[in-house]
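Listed below are the residues making up each chain.
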Amino acid sequence: MSTTPPDDRRYSREHEWVRVEGAVAMIGITSFAADELGDIVYVELPEVGARLTQFSSFGVVESVKAVSDLFAPVSGEVAEVNGDLRTSPELLNTDPFGSGWIAKVTLGDPAEMDKLMDAAAYAELTAG
Amino acid sequence: MTEAPALLRHTPLHASHLALQARMVPYAGYEMPVQYTSIIDEHRTVRSAVGLFDLSHMGEIHLSGPEALAFVRYAVVSDPGLLEPGQAQYSMLCAPDGGIIDDVIVYRVEDGYLIVCNAANHDAVLAQLQSLGGRGDFDVQVSDRSDETALIAPQGPKAAELLARLTDLDLSTLGNYRSIQGRVAGTECLVARTGYTGEDGFELFCAARRAQRLWDALISTGEDLGLRPCGLGSRDTLRLEAGMPLYGNELDRSVNPYEANLGRVVKLEKGEFVGRGALAAVQQTGPQRKLVGLVMRDEAIARHGYPVLVDGTEAGSVTSGTLSPTLGERIAMAYLPAARAAVGAAVEVLVRERPHPAEQVKLPFYRRPKPDAA
């Protein structure tokens, strides 16, 4: 069962979240997305320094059964990736909003946040 | 996501799958459970305890009549003439050009032969059998019992213990690829010691209207054995570890049995059968390509359709691949030119435009431990 999306962040239609702390945006996938994918066994992380473009593919997540693209919820430069996912990709299933974060990026354009949903709107999107 | 097909069929256990909150997916025209909780957990349950599969989507076609044996010998590539009552064999129907129409299990039952085929190929198999039977060369009746038949498969090292609680049948004398008619939990079944998981296990064929009762009895009786319902997702990873082909991945109309390492199934010496000429020619020259096992040597997972490179040049493609839950390795099967198929040889798999190292290995990837001699 997916957990309620926290209201300290914003959400894309592709089921990624972004939480902004100052100039840094932490991004990940939602518990809804993780549940849909099933057991996640591999995450192809972006390189540090890579430039992400909002709503464009920046990596790949693989479940036992399928391969799915990761889409950047915001544009920016990758400052850090979650190396724990290399050895424990299942963190995306067990704690997608916390220790299963994927990357931290330096936010390119804060106005992009307006194109994302708040928790209530996202919860509505994924309901039923 | 593709648009939902207009009408997906349901098995007799559909309501149970929904009640168990299975994730349902379209498969071969049916809405089927791909997983109930987790593919990995379900996979491990079958390797360590017992998993329960609803396979009622599969096709059951019954052959009877005075010339049923001659007919089935002509229709399939194996030799069902070798079957005693209560025995079964893995087989295939091939087209005249040797391409595989479907892989099936042929059971010799009391009143004829039962052919169990893949749901996705049900129509093609039925059409082939009806067309061969309709020529008037054989006094045979082909009857499609797919809709009236449910198939429930308890699979895993504790499957026999589970079943023994629910039947008076002597399972200790029921060997692999054997079947027996009898009651399980009060339901009349054809009990077959067959499966598609690489573990010990059974396939229980019963009347569709009795399926719910049987399923419920198995679920409640198996609880203390660690039984879980298992979906098609784990069925796929289990069969892949066991090196078993899946129609649509390893097998299709463009593949002949020799290419798929199934030449042992083909009995050219039994006399005329559909595909014999073409298959005899392949047997003479050897297949041009061969199905091989691959283990990835880095973190990448090979998937269906990914190109395989030999000496840096595209030479074949992956048919199935996953992270093996049992072995923790990234396993795959692929077709390569026969001359390049060699256990131990290095190849590369192109994953998202980048080559990743892999090694050819012997199939199967997983073989179940022999039971203790105790």
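Residues numbered from 1 in each chain as written. Chains lettered and ligands numbered in written order. Predicted model: local features only at pLDDT ≥ 70, side-chain atom pairs only at ≥ 80, totals over all residues. Heavy atoms only, no water.

1. Digging into the side chain of Thr30 of chain A
All names here are of chain A.
Inference 1: Relative to the elements of secondary structure, Thr30 occurs in the loop between β3 (24-29) and α1 (31-37).
Inference 2: A distance of 2.7 Å separates polar atoms of two side chains, one belonging to Thr30 and the other to Tyr122.
Inference 3: Apart from residues lying up to four places away in sequence, Thr30 is in contact with Tyr11, His15, Glu16, Trp17, Pro96, Phe97 and Tyr122. (Helix = DSSP H or I, 4+ residues; strand = E, 2+ residues; numbered from the N terminus. Polar contact = N/O pair within 3.5 Å; in protein donor to acceptor, adjacent residues only side chain to side chain. Contact = heavy atoms within 4.5 Å.)

2. A few points about the sheet that holds β3 of chain A
Each strand in a sheet pairs with its neighbour through backbone hydrogen bonds, running either in the same direction (parallel) or in the opposite one (antiparallel).
Residue and element names in this part refer to chain A.
Inference 1: Spatially, β1-β2-β3-β9-β8-β5 is the arrangement adopted by the six strands of the open sheet, whose pairing is antiparallel. Looking at which strands have only one partner, the edges of the open sheet turn out to be β1 (10-11) and β5 (51-52).
Inference 2: Examined bridge by bridge, strand β2 (residues 16-21) and β3 share six bridges and lie antiparallel to one another. Across the sheet, the residue bridging to Val18 is Ile27, located in β3. (Pairing = 2+ DSSP bridges.)

3. Looking at the interface of chain A and chain B
Inference 1: On the chain B side, the residues contacting the 14 residues of chain A number 17 residues.
Inference 2: For the chain A and chain B pair, buried surface summed over both sides reaches about 1400 Å², with 49% attributable to carbon and sulfur atoms.
Inference 3: Of all residues in chain A, Asp39, Val64 and Lys65 of chain A give up the largest surface area on contact with chain B, accounting jointly for 39% of the area buried on that side.
Inference 4: The interface formed by chain A and chain B contains three salt bridges.
Inference 5: Close ionic contact of Arg303 of chain B with Glu62 of chain A constitutes a salt bridge, the shortest N to O distance being 2.8 Å.
Inference 6: Mapped by element, the contributors of at least two residues to the side of chain A that touches chain B are α1, β4 (40-44) and β6 (57-63) of chain A. (Buried area = accessible area lost by both parts, 1.4 Å probe. Salt bridge = Lys/Arg side-chain N within 4 Å of Asp/Glu carboxyl O.)

4. Regarding the confidence of the model for chain B
Inference 1: Across chain B, the average pLDDT comes to 96, with 98% of residues at or above 70.
Inference 2: ipTM for the predicted complex: 0.87, alongside a pTM of 0.94. (pLDDT = per-residue confidence, 0-100.)

5. A closer look at the sheet that holds strand β11 (residues 187-192) of chain B
Residues and elements named next belong to chain B.
Inference 1: Overall, mixed pairing links the six strands, which are arranged β10-β11-β12-β9-β3-β13 in an open sheet. Only two strands of the sheet have a single neighbouring strand rather than two, namely β10 (179-184) and β13 (228-229).
Inference 2: In this sheet, β13 lies alongside strand β3 (residues 51-54) in parallel orientation, the contact comprising two bridges. Bridged to Leu52 within β13 is Pro229.

6. Considerations on the side chain of Glu199 of chain B
Residues and elements named next belong to chain B.
Inference 1: Note that Glu199 resides in the loop between β11 and β12 (203-207).
Inference 2: Within the structure, Glu199 has its side chain in polar contact with the side chain of Arg47 (distance 2.9 Å).
Inference 3: A distance of 2.5 Å separates the side chain of Glu199 from the side chain of Tyr366, its partner in a polar contact.

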